[in-house]
Amino acid sequence: MNWDRVLDIPSDLQHSWIGLVGLHLREALLPVLAGLVISLPLAQLCVRFRWLYPPVLWVTTVLYAVPSLAFFVLLIDYTGQTELTVMIPLTVYSLVVLVPAIVDAVRSVPQETLAAATAMGFGPVRRYVQVQLPIAVPAIIAGLRVATVSGISLVSIGALIGNQGALGNLINDASIYNRPELAVNAVFSMALLAILADGLLVLVRLLLTPWMPRRAGRTPKAGRTPSAGKTPKAGRPDPAAAALEDAVR
């Protein structure tokens, strides 16, 4: 294995290593963004019309079970050997993660919070955007973390349809040119991108939810029980109350 050539990208890929990283991020993150845009109104419909949630969940789960190659076969006649052929399945896969996460988070908003928002004159749309979604941010970010990391790994499958796998193309070229260092480059590069993207989403959650505790509370030591009637520590406001207060401002 020639480590001196680990960043020496074969000319047939028509990209430098930086170019492959940019292409990989585009093919991985745009489907997640599209999935989020679709999931937000779709989840609200599922919350408002409870009968809609089971069929939506069933359809997305069935589509998630379809192998990527089958998706490529269905799409390639319409979208060709392009990035779009890779990104459409990834968008569908992200819906399976995001829709249940948003629905469960929005449904968990206390009814008294919704009643208070309604009493203050909030309509359904304003209540959803300014009250329910802020409270659901931790669950949404958790879903985005899963969808993003999965997308970064799944992009590599695009190498099977004509060099549309970005960094995954290096794995294919590693076998063609007998250069295992290219496969090592691809694996470590994708792992690094996944770690950085996950860390960035954690930072976004911290910025969007300043009322959330930054670390888990300490568990009581063995043999000790909390004092009866002890009130929660100050400085940790209820998320629902904090979101409603921010919406009023």
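For every chain, the first residue of its written sequence is number 1, and the numbers climb from 1 along that sequence. Predicted model: local features are reported for residues with pLDDT of at least 70 only, side-chain atom pairs are reported and counted for 80 or more only, and whole-chain, interface and lining totals are derived from all residues. Hydrogens and water are ignored here; the side-chain numbers use all heavy atoms of the structure.

Participant: Hey, could you run me through the overall build of the protein chain in this one?
Facilitator: Only runs of H or I of at least four residues qualify as helices and only runs of E of at least two qualify as strands under DSSP, and these elements are numbered from the N terminus. In terms of regular secondary structure, the protein chain is built from nine helices and zero strands. Starting at the N terminus and ending at the C terminus, the protein chain contains elements arranged as α-α-α-α-α-α-α-α-α. Burial here depends on accessible area, computed with a 1.4 Å probe over protein chains only, as a share of the maximum for the residue type. Under 20% is buried, over 50% is exposed, and the range in between is partly exposed. Burial statistics for the protein chain: of 249 residues in total, 40% are counted as buried. Here the analysis covers contacts within the protein chain between residues at least 6 apart in sequence; of these, 75% occur between residues at least 24 apart. Accessible areas in this description were obtained via Shrake-Rupley with a 1.4 Å probe; residue shielding takes into account the shown protein chains only. Here the protein chain displays about 14100 Å² of accessible surface, and carbon together with sulfur accounts for 66% of that area. The contact criterion used is simple: two residues touch if any of their non-hydrogen atoms lie within 4.5 Å.

Participant: Is there a simple way to think about the pattern of salt bridges in this case?
Facilitator: Opposite charge on two side chains makes pairing possible when the charged atoms of those side chains draw close. Each reported salt bridge corresponds to a side-chain nitrogen of Lys or Arg within 4 Å of a carboxyl oxygen of Asp or Glu. Under the counting rule described, the total for this entry stands at three salt bridges. Between Glu-181 and Arg-179 there is a salt bridge, with its nearest N and O atoms 2.9 Å apart. Note on Arg-179: relative accessible area 7%, which makes it buried.

Participant: How do you make sense of the confidence of the model for the protein chain when you look at a structure like this?
Facilitator: Low pLDDT means the predicted coordinates in that region are not meant to be read closely. Residues of the protein chain with pLDDT of at least 70 account for 82%, and the chain-wide mean is 79. pLDDT: the predictor's confidence for each residue, scored from 0 to 100. Contacts from residues 216-220, a stretch scored under 50 in pLDDT, to residues over four places away or in other chains number one contact. For the stretch residues 225-234, pLDDT sits under 50, and the model shows zero contacts to residues farther than four places along the chain or on other chains.

Participant: What's the story with the environment of Leu-36 in this structure? I'm lost.
Facilitator: Here Leu-36 shows up in helix α1 (residues 17-48). For Leu-36, a relative accessible area of 19% puts it in the buried group. Not counting chain neighbours up to four residues away, the residues in contact with Leu-36 comprise Leu-98, Ile-102, Ile-140 and Leu-144.

Participant: Just checking my understanding: could you explain the nonpolar core for this structure?
Facilitator: In these notes, a set of buried Ala, Val, Leu, Ile, Met, Phe, Trp, Tyr and Cys residues joined through side-chain atoms within 4.5 Å is what counts as a nonpolar core. Counting 26 residues, the largest nonpolar core has Leu-20, Ile-152, Leu-167 and Leu-170 as its most contacted members. Taken together, the elements giving at least two residues each to this core come down to α1, α3 (68-79), α4 (83-107), α7 (169-176) and α8 (180-208). Among the elements that line this core, the one with the most residues is α8, at six residues. Aside from chain neighbours lying at most four places away, what touches Leu-167 is Trp-17, Leu-20, Val-21, His-24, Ala-186, Ser-189, Met-190 and Leu-193. Counting 24 residues, the second-largest nonpolar core is a separate cluster that includes Val-99, Ala-136, Val-137 and Leu-144.

Participant: Please clarify how unusual backbone geometry should be interpreted in this entry.
Facilitator: Peptide bonds are, in most cases, trans, and in most cases residues other than glycine have a negative phi. Although it is not a glycine, Asn-178 adopts a positive phi angle of roughly 55 degrees. Considering the arrangement of structural elements, one finds Asn-178 in the loop between α7 and α8. Residue Asn-178 is classed as exposed on the basis of its relative accessible area of 66%.

Participant: Could you clarify how one ought to interpret the layout of surface pockets in this entry?
Facilitator: In this approach the atoms are scanned with a rolling probe the size of a water molecule, which exposes any empty space left behind. What the second largest pocket holds in volume is close to 290 Å³. The method works on a 1 Å grid over the protein atoms by themselves. A cavity is a set of points holding a 1.4 Å probe that cannot get out, a pocket is an open set with protein on both sides within 12 Å along at least five of seven lines, and residues with an atom within 4 Å of a point line them. Taken together, 13 residues form the lining of the second largest pocket, with Leu-29, Thr-148, Ala-197, Leu-200 and Leu-201 sitting closest to its centre. Those elements giving two or more residues to the lining of the second largest pocket turn out to be α1, α6 (124-154) and α8. Ranked by the residues each element gives to the lining of the second largest pocket, the list is headed by α8, at six residues. For this classification, the nonpolar set comprises Ala, Val, Leu, Ile, Met, Phe, Trp, Tyr, Cys and Pro, the charged set comprises Asp, Glu, Lys and Arg, and every other residue, Gly included, is treated as polar. The residue makeup of the lining of the second largest pocket, split by class, is twelve nonpolar, one polar and no charged. Grid points are joined across faces, edges and corners, and a volume is the space filled by probe spheres set on the points.

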